[in-house]
Amino acid sequence: MCLRKILAAASLALMVSLAAPAKASADWLFTPFIGMNWGSAVTFDSAIGDFDDEFEKRVNFGASLAWMGGGIAGFELDFGYSPNFFEPTEGDADFDFGDSNLTTLMANITLGAPIGGQSGPGLRPYVSGGVGIIRSSIDNIGDLFDVSSTDWGFNVGAGLTGFFSDNVGIRGDVRYFRSFQDIESNDEFDISLGDLRFWRGSVGVTFRF
């Protein structure tokens, strides 16, 4: 093989290697957030009878830790806490609740395309959904008793993360949460949608590493 052909082949190989995209790597995304719940509703079946109510918008804060693979798929742990969640709508309360809070912990599958790549400025729209636990607590209901419950539930949602640099960005996120309940009939285990449900919107700072 003459020297000209060797140089031509080497030049072609160099151009192909420079033009080929770098191998995608995995990202860890940590996002502390603050947000608001709305559309909240619940029905209780207790010793004092059945009652239900809708609730005012309440602040919610928490954090999520997500792992995104080199493609578009990943997983996420999402933790949320809402103090005073079970405060009835003023002037339209069926029951006088005491101090209360709601805690959620969800394990989700996440799909999100990194527009602009996985480094530097860029956007990552995503959808997310999964299952976990929803823990509700209401203290001192009319000086009668305390109510606390830990139920299985699910969440689905979508959001957008915009990165300013390799490591920092802003995330906006909207999710729907609902509990499951066990319907006991003929000694069979049967799951259906529960009575606790709400929407959560949040904004947070995302750290990518």
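Data block above holds the structure.
The numbering scheme is per chain: residues are counted from 1 as the chain's sequence reads. Under the rules for a predicted model, residues below a pLDDT of 70 receive no local features and side-chain atom pairs below 80 are neither given nor counted, while totals for whole chains, interfaces and linings still include all residues. For the side-chain quantities, the full set of heavy atoms in the structure was used; hydrogens and water were omitted.

### Topic: the overall build of the chain
For clarity, the threshold we go by: A run of DSSP states H or I qualifies as a helix once it reaches four residues; a run of E qualifies as a strand once it reaches two. Both are numbered from the N-terminal end. Any residue under 20% of the maximum accessible area for its type is buried, any over 50% is exposed, and the rest in between are partly exposed; the area is computed with a 1.4 Å probe on protein chains only. It only takes one pair of heavy atoms within 4.5 Å for two residues to be counted as in contact. Reported accessibility uses the Shrake-Rupley method at a 1.4 Å probe radius. Residues are deemed covered only where the shown protein chains occlude them.
Helix and strand content of the chain: one helix and nine strands. Listing every helix and strand of the chain by position from the N terminus yields α-β-β-β-β-β-β-β-β-β. Looking at the chain residue by residue over its 209 residues, the buried ones come to 36%. In the chain, of all internal contacts separated by at least 6 residues, the share reaching a separation of at least 24 is 63%. Carbon and sulfur atoms provide 63% of the accessible area of the chain, an area that totals close to 11800 Å².

### Focus: the packing of aromatic side chains
Basically, it comes down to this: Only the six-membered ring of Trp is used, alongside the rings of Phe and Tyr, when aromatic pairs are assigned; centres must lie within 6.5 Å, and planes under 30 degrees apart are stacked while those over 60 apart are edge-to-face, with the rest tilted.
Applying the stated criterion across every chain, the model contains ten aromatic pairs. Taking 5.7 Å as the distance between ring centres and 25 degrees as the angle between the ring planes, the aromatic pair formed by Trp67 and Phe75 counts as stacked. Overall, the relative accessible area of 29% leaves Trp67 in the partly exposed class. Exposure remark for Phe75: the relative accessible area of 40% places this residue in the partly exposed category. With centroids separated by 5.0 Å and ring planes inclined at 55 degrees, the aromatic side chains of Tyr176 and Trp199 adopt a geometry described as tilted. Here Tyr176, found in strand β8 (residues 168-185), pairs with Trp199, found in strand β9 (residues 188-208); they are 23 residues apart in sequence, far enough to count as distant. Judged by relative accessible area, which is 17%, Tyr176 ranks as buried.

### A closer look at unusual backbone geometry
Its identity as a non-glycine residue notwithstanding, Asn84 has a phi of 60 degrees, on the positive side. Its place among the elements puts Asn84 in the loop between β4 (73-83) and β5 (100-112). We classify Asn84 as partly exposed; its relative accessible area is 37%.

### Observations regarding the side chain of Ser137
Looking at the element boundaries, Ser137 is found in strand β6 (residues 122-141). Once residues lying within four places of it in the same chain are set aside, the contact partners of Ser137 are Phe86, Asp99, Ser100, Asn101, Val147 and Ser148.

### Focus: the environment of Ile170
Mapped onto the secondary structure, Ile170 falls in strand β8. In this structure the C-alpha to C-alpha distance between Ile170 and Phe33, which are 137 residues apart in sequence, comes to 9.8 Å. If we ignore the near neighbours within four places in the chain, the residues touching Ile170 are Leu160, Thr161, Gly162, Phe164, Val203, Gly204 and Val205.

### Brief notes about the pairing of β4
Basically, it comes down to this: Note on pairing: two strands pair once DSSP finds at least 2 bridges between them.
Here β4 shows one buried face, formed by Gly74, Glu76, Asp78, Gly80 and Ser82, and one open face, formed by Ala73, Phe75, Leu77, Phe79, Tyr81 and Pro83. Relative to β4, strand β3 (residues 58-68) is paired through eight bridges, and the arrangement is antiparallel. Across the sheet, Gly62 pairs through a bridge with Gly80, a residue of β4. Between β3 and β4, which pair antiparallel and follow one another directly, the connecting turn spans four residues. Relative to β5, β4 runs antiparallel, the two being bridged by eleven bridges. Paired with Leu77 across the strands is Ala107, a residue of β5.

### Focus on the side chain of Arg178
Which entries qualify depends on this criterion: For the purposes of these results, a polar contact is taken to be a pair of N or O atoms within 3.5 Å, where, inside protein, one atom must be able to donate a hydrogen and its partner to accept one; residues adjacent in sequence count only when each atom of the pair is a side-chain atom.
Checked against the element boundaries, Arg178 lands in strand β8. Reaching out from Arg178, the side chain makes a polar contact with the backbone oxygen of Gly194 at a distance of 2.9 Å.

### Quick word on the pattern of salt bridges
Put simply, the rule is: For salt bridges, the criterion is a side-chain nitrogen of Lys or Arg within 4 Å of an Asp or Glu carboxyl oxygen.
Enumeration according to the criterion identifies seven salt bridges in this entry. Between Asp78 and Arg200 there is a salt bridge whose closest N-O contact spans 3.0 Å. Placement of the pair is Asp78 in strand β4 and Arg200 in strand β9, with a sequence separation of 122 residues. Among the residues examined, Arg200 registers a relative accessible area of 0% and is labelled buried. In this structure, Arg175 and Asp173 form a salt bridge, with 2.8 Å as the shortest nitrogen-oxygen distance. In the salt-bridge network here, residues are joined through shared partners; they are Glu76, Asp78, Arg171, Asp173, Arg175 and Arg200.

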